[in-house]
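Read off the chains here:
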Amino acid sequence: PEHSSSCDACEYCDDCCDDEFCRTCRADDNLLDGQNYTAKYSKTCSGFDNRRGPYRCFTHCQIRRHNHEGSAWLIVDGNVYDATSVLSWHPGGKRSILRDAGGAKNSVDDLKFHSKTAIKLWKSLKIGELRQCIGSSLPFPPHTEEQCVIS
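Residues numbered from 1 in each chain as written. Predicted model: local features only at pLDDT ≥ 70, side-chain atom pairs only at ≥ 80, totals over all residues. Heavy atoms only, no water.

*Asks:* Whenever I open this one, the overall build of the protein confuses me. Can you help?
*Replies:* Helix and strand counts for the protein stand at five helices and six strands. The secondary structure elements of the protein, listed N-terminal to C-terminal, are α-β-β-α-β-β-β-α-α-α-β. When the 151 residues of the protein are sorted by exposure, 39% land in the buried category. If you take every contact in the protein between residues at least 6 apart in sequence, the share linking residues at least 24 apart comes to 54%. (Helix = DSSP H or I, 4+ residues; strand = E, 2+ residues; numbered from the N terminus. Buried < 20%, exposed > 50% of the residue type's maximum accessible area, 1.4 Å probe, protein only. Contact = heavy atoms within 4.5 Å.)

Right, dumping it as structure tokens:
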């Protein structure tokens with residue numbers, strides 16, 4: 001299958017685009033069952049939570065898509081947290097979370113700023129671990145067909 005013209009998915013990891021008509025990224029739509037594609041198809045990491053089972057591994061390519069009110073993921077020292085449920089009642093307001101959502105930065109200082117109770121809550125929101133996308137280690141930047149057109 002080919003990527004659609006609006007597909008911006010990384011071809012080197014489990015990233016998928018938001019284009020509902022992309023044949024590559026939507027090839028397994030019948031398996032989704034209403035789950036978030038990124039969360040469902042990410043690789044299992046070595047970590048394990050007794051309540052939730054194995055953690056998932058996510059790349060920055062995947063995490064970058066979770067930077068809005070519908071899905072706000074944060075990175076703290078290689079761990080990935082889904083802070084979406086906190087947006088509506090966070091004392092600092094949703095903007096304080098959304099500015100770092102999508103992996104905009106390592107939010108370790110933000111975590112340390114919180115009370116022990118808030119840190120415990122934050123840690124309960126862990127959904128996975130950060131892993132490097134192999135595309136980020138290429139000696140040249142990945143390209144698209146549009147960039148290869150000769151004028």
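Back to the text.
*Asks:* What exactly am I supposed to notice about the state of the cysteines here?
*Replies:* What we call a disulfide is simply a covalent bond connecting the sulfur atoms of a pair of cysteines. A full pass over the atoms with the stated rule returns zero disulfides. Cys 13 takes part in no disulfide bond, and the closest cysteine sulfur, belonging to Cys 61, lies 3.8 Å away. Cysteine Cys 25 is unpaired, with the sulfur of Cys 22 as its nearest cysteine sulfur at 3.8 Å. Here Cys 25 falls in the buried class, since its relative accessible area comes to 4%. (Disulfide = S-S within 2.5 Å.)

*Asks:* Just checking my understanding: could you explain the side chain of Asp 19 for this structure?
*Replies:* Considering the arrangement of structural elements, one finds Asp 19 in the segment before α1 (37–41). In terms of polar contacts, Asp 19 uses its side chain to reach the backbone amide nitrogen of Phe 21, at 2.8 Å. (Polar contact = N/O pair within 3.5 Å; in protein donor to acceptor, adjacent residues only side chain to side chain.)

*Asks:* Please explain unusual backbone geometry as it appears in this structure.
*Replies:* The phi angle of most residues is negative, glycine excepted, and most peptide bonds adopt the trans form. Unlike most non-glycine residues, Asp 77 shows phi in positive territory, near 45 degrees. Overall, the relative accessible area of 52% leaves Asp 77 in the exposed class.

*Asks:* What is the right way to read the side chain of Ser 107 from this model?
*Replies:* Looking at the element boundaries, Ser 107 is found in the loop between α3 (94–98) and α4 (108–113). Given a relative accessible area of 1%, Ser 107 falls into the buried group. With sequence-adjacent residues up to four places away left out, Ser 107 is seen in contact with Leu 74, Ile 75, Val 76, Asp 100 and Trp 122.

*Asks:* Quick question: what am I supposed to make of the nonpolar core here?
*Replies:* It is characteristic of soluble globular proteins that their nonpolar side chains tend to be buried jointly. Counting 13 residues, the largest nonpolar core has Ala 72, Leu 74, Val 76, Tyr 81, Ile 97 and Trp 122 as its most contacted members. Among the elements of the structure, β4 (71–76) and α4 are those that each provide at least two residues to this core. Broken down by element, the residue count for this core peaks at three residues, all from β4. For Trp 122, the contacting residues outside a window of four places in its chain are Leu 74, Val 76, Tyr 81, Ser 107, Asp 110, Leu 111 and His 114. In this structure, Ala 9, Cys 17, Cys 22 and Cys 25 belong to the second largest nonpolar core, which totals six residues. (Core = buried A, V, L, I, M, F, W, Y, C linked by side-chain atoms within 4.5 Å.)

*Asks:* I tried to follow the layout of surface pockets on my own but got confused; where do I start?
*Replies:* Vacant regions in the atomic arrangement are exposed by a probe of water-molecule size rolled over the atoms. The computed volume of the second largest pocket comes to approximately 340 Å³. In this structure, the second largest pocket is lined by 20 residues; those nearest its centre are Val 86, His 90, Ile 97, His 114 and Trp 122. Elements that contribute at least two residues to the lining of the second largest pocket include exactly α3, α4 and α5 (116–124). Tallying contributions element by element places α5 first for the lining of the second largest pocket, with three residues. Of the residues in the lining of the second largest pocket, the class split is twelve nonpolar, five polar and three charged. (1 Å grid on protein atoms, 1.4 Å probe; cavity = no way out; pocket = protein on both sides within 12 Å on 5 of 7 lines; lining within 4 Å. Points joined across faces, edges and corners; volume = space filled by probe spheres on them. Nonpolar A, V, L, I, M, F, W, Y, C, P; charged D, E, K, R; others polar.)

Read these as layout, nothing more, since geometry by itself doesn't imply function.
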